[in-house]
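Descriptive structure summary
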Amino acid sequence: MSADQRRPSVSTVMHVRCPDRLPEESYRQVLEQLSELSPVVQALPPTAALVELKGALPYYGVDASRLGEVLRIRTLSRLGVDVRIGIGPSIAVAATASAQVPQPGGVLAIAPDQVAQWLGPLPVDALHGIGPRQAAMLRDYGIHCVGLLAAVPPATVQRLLGGRAGRTAAERARGIDPRPVAPRALPITASVRYRFDEHTLDGAAVRAALLQLVVELGTRLRNRGQAARALTLTLTFAGNSSWEKTRRLGAPSGHEDDLRATAYQLIDAAALQRGRLTGLALKGEDLVDAERVARQLSLEDTREDRLAAEDAIDRVRDKFGPQVIGPAAVFRRAS
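Just so we're clear, the structure is a prediction, and the values are computed from it rather than from any experiment. (Residues numbered from 1 in each chain as written. Predicted model: local features only at pLDDT ≥ 70, side-chain atom pairs only at ≥ 80, totals over all residues. Heavy atoms only, no water.)

A short note on the pattern of salt bridges
Evaluated as defined, the whole model comprises 14 salt bridges. For the salt bridge of Glu36 with Arg78, the shortest nitrogen-to-oxygen distance reads 3.2 Å. Taken together, the positions of Glu36 in helix α1 (residues 24–37) and Arg78 in helix α3 (residues 64–79) put the pair 42 residues apart, joining distant regions of the chain. The class of Glu36 is partly exposed, set by a relative accessible area of 25%. The salt bridge involving Arg72 is made with Asp82; its shortest N-O contact spans 2.7 Å. Taken together, the positions of Arg72 in helix α3 and Asp82 in the loop between α3 and β4 (84–88) put the pair 10 residues apart, joining distant regions of the chain. Through salt bridges that share partners, Glu32, Glu36, Arg74, Arg78 and Arg220 make up one connected network. (Salt bridge = Lys/Arg side-chain N within 4 Å of Asp/Glu carboxyl O. Helix = DSSP H or I, 4+ residues; strand = E, 2+ residues; numbered from the N terminus. Buried < 20%, exposed > 50% of the residue type's maximum accessible area, 1.4 Å probe, protein only.)

Here is the structure:
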């Protein structure tokens, strides 16, 4: 990957293809993983998405191919979903590349100076945006590969395919696609999960696992600048039975104190006695922009001190990683 691709002024687009017929909830979770890499994410329902990486590359200090591998590892390990990832200097190149990745998944990155060489040998119907009828018409005129399409004068392609369609096809054959990635609103939910290594009846272990989920969810919401209006807790038991309950917060929040209080109310409502738990899931519902949440001035020094400490802890996690600091109960369980 050339140094030019890492410069913020150069567009670097990631096109992500999820498996066909992926459930909507799983698709939303993939979008959440994308939003952790870059704030510029465009959903392409039902199973694809675009990510603009030009701002993310200097932040992470790695090339785009490495970010693609990180994303694939995260979706596989966290969601059990493999994805096909194409990366290029434009939407058309990235989408063409992702379609060339064999199933079930992988990463294919095309540098700007490799676009013409890489596109040239591809069948004309492999170019993103060329439909079956257009490809058949081009082949009738001896244009079998993208390189030949790029060599034909644009005016000729326009006569063959029509004005706008021909102009678009001629540009994309040359790797030109001026469309920007148009960010859409982040998913209206955010989910975190914990699976026990064995069936557990230990109330302290369950509460520690729930506290870990609170920390993960709160960190994710604050990083995305969002606040949750409600929380949903799902408990999974041996035998695949489950229990689920939703409770609204007093005010939208992404702070761990508020999330923890509501999460503990939910686990208390479950009235666990002898249920053998296999997993927990905590979901932030009805998410809103944190900047739009009115902050109630408080005369309680304890809460203000906790919020100040939370901000400091977030900075430590950003610098050294999410596992270096957290509630003592979580670390005692891990040890």
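Thoughts on the nonpolar core
Ranked by size, the top nonpolar core spans 26 residues in total, and within it Leu231, Leu235, Leu280 and Leu282 carry the most contacts. For this core, the secondary-structure elements that each account for two or more residues are β6 (190–200), α10 (203–224), β7 (226–237), α11 (256–269) and β9 (277–285). In terms of residue count, the dominant contributor to this core is α10 (7 residues). The contact partners of Leu280, leaving out residues within four places of it in the chain, are Val192, Arg193, Tyr194, Phe196, Val206, Ala209, Leu210, Leu213, Thr234 and Leu235. (Core = buried A, V, L, I, M, F, W, Y, C linked by side-chain atoms within 4.5 Å. Contact = heavy atoms within 4.5 Å.)

Regarding the confidence of the model for the protein
Mean pLDDT for the protein: 86, with 90% of residues reaching 70 or above. For the stretch residues 1–8, pLDDT sits under 50, and the model shows 18 contacts to residues farther than four places along the chain or on other chains. (pLDDT = per-residue confidence, 0-100.)

Brief notes about unusual backbone geometry
In most cases, non-glycine residues show a negative phi, while peptide bonds are predominantly trans. Gln103 connects to Pro104 through a cis peptide bond whose omega is 10°. Note on placement: Pro104 falls in the loop between α4 (91–100) and β5 (106–109). A positive phi is found at Asn240, a non-glycine position, where the angle reads about 70°. The topology assignment puts Asn240 in the loop between β7 and β8 (242–253).

Here's the deal with the pairing of strand β1 (residues 13–17)
Within β1, 4 of the 5 residues are buried, which leaves the element mostly enclosed by the surrounding structure. Where β1 and strand β3 (residues 48–52) come together, 5 bridges link them in antiparallel fashion. Across the sheet, the residue bridging to Arg17 is Ala48, located in β3. In terms of strand pairing, β1 meets β4 through 5 bridges, oriented antiparallel. Bridging across to β4, Arg17 finds its partner in Arg84. (Pairing = 2+ DSSP bridges.)

Considerations on the environment of Asp20
Relative to the elements of secondary structure, Asp20 occurs in the loop between β1 and α1. C-alpha of Asp20 to C-alpha of Glu198: the two residues are 178 residues apart in sequence and 32 Å apart in space.

Considering the pairing of β7
Judged by how many residues are buried, β7 sits mostly within the fold: 10 of 12 residues are covered. Across 2 bridges, β7 lies against strand β10 (residues 288–289) in antiparallel orientation. Each bridged residue has a counterpart across the sheet, and for Gln226 the counterpart in β10 is Asp289. As judged from the 8 bridges shared by β7 and β8, these two strands associate in the antiparallel manner. Each bridged residue has a counterpart across the sheet, and for Thr236 the counterpart in β8 is Ser242. Between the antiparallel neighbours β7 and β8 lie 4 residues, among them Gly239 with a positive phi of about 95°.

Observations concerning the sheet that holds β1
The 5 strands lie next to each other as β2-β3-β1-β4-β5, forming an open sheet whose pairing is mixed. Strands at the two margins of the open sheet, each flanked by one partner only, are β2 (41–44) and β5. Adjacent strand axes in the sheet meet at a mean angle of 15°, parallel and antiparallel pairs treated alike. Alignment of β2 against β3, held across 4 bridges, turns out to be antiparallel. Looking at β3, one finds that Val41 is bridged to Val51. Lying on the sheet, α1 is in contact with β1, β2 and β3; it crosses β2 at an angle near 160°. Set on the sheet, α3 makes contact with β1, β4 and β5; between it and β4 the angle comes to about 160°. (Axes fitted to C-alpha atoms, helices over the stretch in contact; angles between N-to-C directions.)

Topic: α1
Taking 1.5 Å as the rise per residue, α1 with 14 residues should run 20 Å; its terminal C-alpha atoms sit 21 Å apart, in good agreement. For α1, the tally of buried residues reaches 10 of 14 residues, placing the bulk of the element in the interior. Where α1 is concerned, the buried positions are Ser26, Tyr27, Gln29, Val30, Leu31, Glu32, Gln33, Leu34, Ser35 and Leu37. (Expected span 1.5 Å × (residues − 1).)

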